[in-house]
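Chain by chain, the residues run as shown.
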4 protein chains.
Amino acid sequence: DKPLKVGKFTFQSRLFTGTGKYANYGLMKESLELSGCEVTTVAVRRERLIDTQGRNLLDYLDLSRYTILPNTAGCFNAEDAIRHARLARELLKNLENPGADWVKLECLGDKKTLLPDPIDTLKATEQLVKEGFQVLVYTSDDVMLAKRLKEAGAVSVMPAGSPIGSGQGILNPNSIRIILEYLKENDPDYPVIVDAGVGTASDVAFAMELGCDGVLLNTSIASAENPLRMAHAMRWATEAGRQAYLAGRIPRKMYATASSPMEGRISASK
Amino acid sequence: DKPLKVGKFTFQSRLFTGTGKYANYGLMKESLELSGCEVTTVAVRRERLIDTQGRNLLDYLDLSRYTILPNTAGCFNAEDAIRHARLARELLKNLENPGADWVKLECLGDKKTLLPDPIDTLKATEQLVKEGFQVLVYTSDDVMLAKRLKEAGAVSVMPAGSPIGSGQGILNPNSIRIILEYLKENDPDYPVIVDAGVGTASDVAFAMELGCDGVLLNTSIASAENPLRMAHAMRWATEAGRQAYLAGRIPRKMYATASSPMEGRISASK
Amino acid sequence: DKPLKVGKFTFQSRLFTGTGKYANYGLMKESLELSGCEVTTVAVRRERLIDTQGRNLLDYLDLSRYTILPNTAGCFNAEDAIRHARLARELLKNLENPGADWVKLECLGDKKTLLPDPIDTLKATEQLVKEGFQVLVYTSDDVMLAKRLKEAGAVSVMPAGSPIGSGQGILNPNSIRIILEYLKENDPDYPVIVDAGVGTASDVAFAMELGCDGVLLNTSIASAENPLRMAHAMRWATEAGRQAYLAGRIPRKMYATASSPMEGRISASK
Amino acid sequence: DKPLKVGKFTFQSRLFTGTGKYANYGLMKESLELSGCEVTTVAVRRERLIDTQGRNLLDYLDLSRYTILPNTAGCFNAEDAIRHARLARELLKNLENPGADWVKLECLGDKKTLLPDPIDTLKATEQLVKEGFQVLVYTSDDVMLAKRLKEAGAVSVMPAGSPIGSGQGILNPNSIRIILEYLKENDPDYPVIVDAGVGTASDVAFAMELGCDGVLLNTSIASAENPLRMAHAMRWATEAGRQAYLAGRIPRKMYATASSPMEGRISASK
């Protein structure tokens, strides 16, 4: 398998993790290690970066090991997201982390569902691309918006499988498939990374089997009963799903000797 | 994690493979190795064991490495299945393979769907248990039959996720869940192994996440476009699914701040 | 559309109802009327037929309007079920209801799940057929058992969509499709009636769209918040599903101009 | 049940039909009648309105019976859609059809998938609302866009269940549920009408059971093998689904005596 390329970055691991919701920094550190990730995403809003005891999350990450992917979580309009993206660039430049050059853009509609707002997401993407950012953009599974975000210059489009933290996995594989068909047309290496909704290992494997290039997840590890075990599971699920995709699965049939793949499914009502 | 116990046998790997449908013996050997399996199942009917060139499949397996699980594939009634189970015992005794003591019982209804016949399956199980066999019994996902098969003395019940070779994965997780609830009541280590129907890696992970103790598969590797890659995928999918099960996944919710798990699902129509 | 034939009986309505769990007999009567059913099933075990006030359920049904389908609910082995089938025959003969000639056989595995026991179900079917009963037999969606039950002489096989009262609808359409393929081979009018599991109207429509000949349900009406409205819904869902089946639905495609039906589904992992 | 209100319009039937793809006008007329619809939608682009023989579709519709809902199908940007909406208004004014006051806005991304473009859809909605149109707006199931479209003044938001003509039904009920939660908050009668993707009767019933206020469909009738039968099916499916929604369905459980609704589903992995 070839490595994953996202803009100017190259990685062996196709699993991106988050740093939120862990019971403590020690557990976070160990979970990240077990996940095998090379990229971890960090919210740069002050109230998320600095905890109630004044500790800075970045001090608890091995910056020589991970490329930090700053994100704009907690931003609910384009202006706010753009401002925090710039702030992140300064922050990571000062730390000399390669993550200074990219950003995971989150422009959310509201706090209740944390679903992305399509209009401000596109607006912020256009602006940040202009400013030279490598934008990885979190979005819904709306196909035409995904297409527009790529056209706007995003180095990766990151559709949600289901709402952030919902644990429902990929609810609409049909949309993800069409997104893949469109974004990879004449550009097969363009990275589509499922971001949000993953609940467990099979969700990750399934995302990879659809042909996605990677998965970003956080809650499913951090809020599992045993995050360490789940980090381990996610590592192997990513690898399993990727290899299964490359291996070319057998077709689905009603039974093995059925004359055509899933004939039963299609001629259901006759 | 503790090892998998099936009757008197103990294994580290929870993936059982089959030996049918490979393009050639070399590919079979290498695929088995990459899958990490410790058990592989072999059909003992003559027409399956000896190929058209007179070569015996068993000569192409590293018998010091694998425990052979003989199966009665191709048998369509209890008598025939019992006869072939006895034959298998002789065969493996002569080879001094520990697999002499157990058998995967398949009593199929017909050649078209390869679905198991419940009546003869139960009859053959009762007889083989009487004869001292450690019986692992292939069955549908019928809950009450699974219960009866355990009561009849089977050391493992092996429900189908979907028809053999269909690649549809686990079509009825509700049945598998009830089977697990029943067969593991006051006997948590009783092994329930999904046998048949697996199409790709996420199917395996999902089976393990339900709490199954292992997965047996054959076509999904042997008939994949690239069996070696798929064998690799299946190895990690088994591990990923098992670890995810033990880790305790997050609940499914309509969105993360929804007040109860999957409330939307339940109160759907109001 | 032609009428539904089950053994020697002929009906216009393809919806069979039950008589259990209603808050009171008045509600039951009215719900049955709104459902448009011509057949309603009655448990003949004494504790179910006679309520705590000594009232006989049959006195609250318009016997000139409905064909009573006696059932053996509450019987957990073949002997008990056979005894109650005979008892039902006497009972309905005395009432001069045509239902004296048939019986819905239920041989359940236990009280917790109310799932059918395959072995005793087959045994009781064989005996009751010998005694001249027209047997409609409740069973799981196990294909080979369904085949055996038809071969044993049942005038209708009634697979469960999901456990009785679970409201989950048809969990394994693949099994129902194969049952239909087998039981209707060279016998297209052989009636397969989904019995159990229906939760709401779309479940009924879906069952009919698969090609089933009818649906039997009880809890989904009796335990709905508003049974009268739900009875009405079930009537039209049965009709809608049947007509949709006969109409021949459009194929499923990833999008309308996709070159083949559901190509995306099949070549998912490439 | 109360009637459906959409802007200033009131209807008894909750099924909206389309007029495209019929083999001939006679079949169209008869199908519409059997569907029981009171609203039918007509594409106002010249190449769709006038057939190759120069015949105007509107001459073949009973304008005294149906409220025509003009639509902008075939428009791929806001300007074009706005222009055709204005054109439609003139056309229907001249015909004295009440449909002159409203429009179903379609702003599509491309011809291949016919998926809606979110940006131009919002832009055109804003403009048409300013011009006094009652806008019913076709959109994807993106929740935040649906919210914005309502805020922009659309009298109805019409999310796609799946791509136009795909016959896949509602692929992401979770999204539709959240859209309903948001758009009906403090405004329970705001009409959400599923538009696109319906394949068969159970899809319609399911949409209504989710709490949608209506369904718009075209291909599933026009391209069925027997459109007349399917029109009939769709009529009753709409009614069945609506009544089932109002009736309040039973909860889903693993089996009837399980202690909580779908407990098995939630605690799946433990």
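Above this note sits the structure.
Attention in this report is confined to the structure presented alongside it. (Residues numbered from 1 in each chain as written. Chains lettered and ligands numbered in written order. Predicted model: local features only at pLDDT ≥ 70, side-chain atom pairs only at ≥ 80, totals over all residues. Heavy atoms only, no water.)

### Let's talk about the relation of the copies chain A and chain B
And step 1. Screw-axis analysis of chain A against chain B gives a translation of 0.0 Å along the axis, an RMSD of 0.0 Å, and a rotation angle of 180°. The symmetry that links the two subunits is that of a two-fold axis.
And step 2. Counting the interface residues of chain A, we find that 100% of their copies in chain B are interface residues as well, pointing to one common contact surface. (Least-squares fit on C-alpha atoms with pLDDT ≥ 70 in both. Contact = heavy atoms within 4.5 Å.)

### Focus on the packing of aromatic side chains
And step 1. Counted under the stated rule, the structure contains 26 aromatic pairs over all chains.
And step 2. Geometrically, the ring pair formed by A:Phe16 and A:Trp102 is tilted, given 6.5 Å between the ring centres and 55° between the ring planes. Linking A:Phe16 in strand 3 (residues 15–18) with A:Trp102 in strand 6 (residues 102–105), this pair joins segments that are 86 residues apart in sequence.
And step 3. In this structure an aromatic cluster arises from ring pairing among A:Phe9, A:Phe11, A:Phe16 and A:Trp102.
And step 4. The cationic tip of A:Arg89 hangs over the ring face of A:Phe133; the distance from NZ or CZ to the ring centre is 3.8 Å.
And step 5. Geometry around D:Trp236 places D:Arg235 over its ring, the cationic atom sitting 5.2 Å from the centre. (Phe/Tyr/Trp six-rings, centres within 6.5 Å; stacked < 30°, edge-to-face > 60°. Helix = DSSP H or I, 4+ residues; strand = E, 2+ residues; numbered from the N terminus. Lys NZ or Arg CZ within 6 Å of the ring centre and 35° of its normal.)

### Observations concerning the interface of chain A and chain B
And step 1. With 49 residues of chain A at the interface, the matching set in chain B holds 49 residues.
And step 2. The contact between chain A and chain B buries some 3700 Å² in all, and 59% of this surface belongs to carbon and sulfur atoms.
And step 3. When the buried area of chain A at its contact with chain B is split by residue, A:Arg229, A:Ile250 and A:Tyr255 rank highest and sum to 17% of it.
And step 4. On the surface where chain A and chain B come into contact, there are 0 salt bridges.
And step 5. Our count for the chain A to chain B interface comes out at 24 residue pairs in polar contact (both at pLDDT 80 or more). (Buried area = accessible area lost by both parts, 1.4 Å probe. Salt bridge = Lys/Arg side-chain N within 4 Å of Asp/Glu carboxyl O. Polar contact = N/O pair within 3.5 Å; in protein donor to acceptor, adjacent residues only side chain to side chain.)

### Some thoughts on the interface of chain C and chain B
And step 1. Contacts between the two partners involve 28 residues from chain C, matched on the other side by 28 residues from chain B.
And step 2. Of all residues in chain C, C:Ile119, C:Met144 and C:Arg148 give up the largest surface area on contact with chain B, accounting jointly for 22% of the area buried on that side.
And step 3. Linking chain C to chain B there are 6 salt bridges.
And step 4. The residue B:Glu181 makes a salt bridge to C:Lys112 at a minimum N-O spacing of 2.8 Å.
And step 5. At the boundary of chain C and chain B, one finds 14 residue pairs in polar contact (both at pLDDT 80 or more).
And step 6. Among the elements of the structure, helix 4 (118–130), helix 5 (143–151) and helix 6 (173–183) of chain C are those that each provide at least two residues to the side of chain C that touches chain B.
And step 7. Within the side of chain C that touches chain B, the residues separate by chemical class into 12 nonpolar, 6 polar and 10 charged. (Nonpolar A, V, L, I, M, F, W, Y, C, P; charged D, E, K, R; others polar.)

### Some thoughts on the pairing of strand 7 (residues 134–139) of chain B
All names here are of chain B.
And step 1. By the criterion of burial, strand 7 is predominantly enclosed, with 6 of the 6 residues buried.
And step 2. One ladder, built from 4 bridges, connects strand 7 with strand 8 (residues 156–159); its direction is parallel. By the bridge assignment, Leu136 is partnered in strand 8 with Ser156.
And step 3. With respect to chirality, the unit in which strand 7 leads through helix 5 (residues 143–151) into the neighbouring parallel strand 8 is right-handed. (Buried < 20%, exposed > 50% of the residue type's maximum accessible area, 1.4 Å probe, protein only. Pairing = 2+ DSSP bridges. Right-handed = clockwise from strand over helix to strand, strands pointing away.)

The quantities given are spatial measurements derived from coordinates; they are silent on function.
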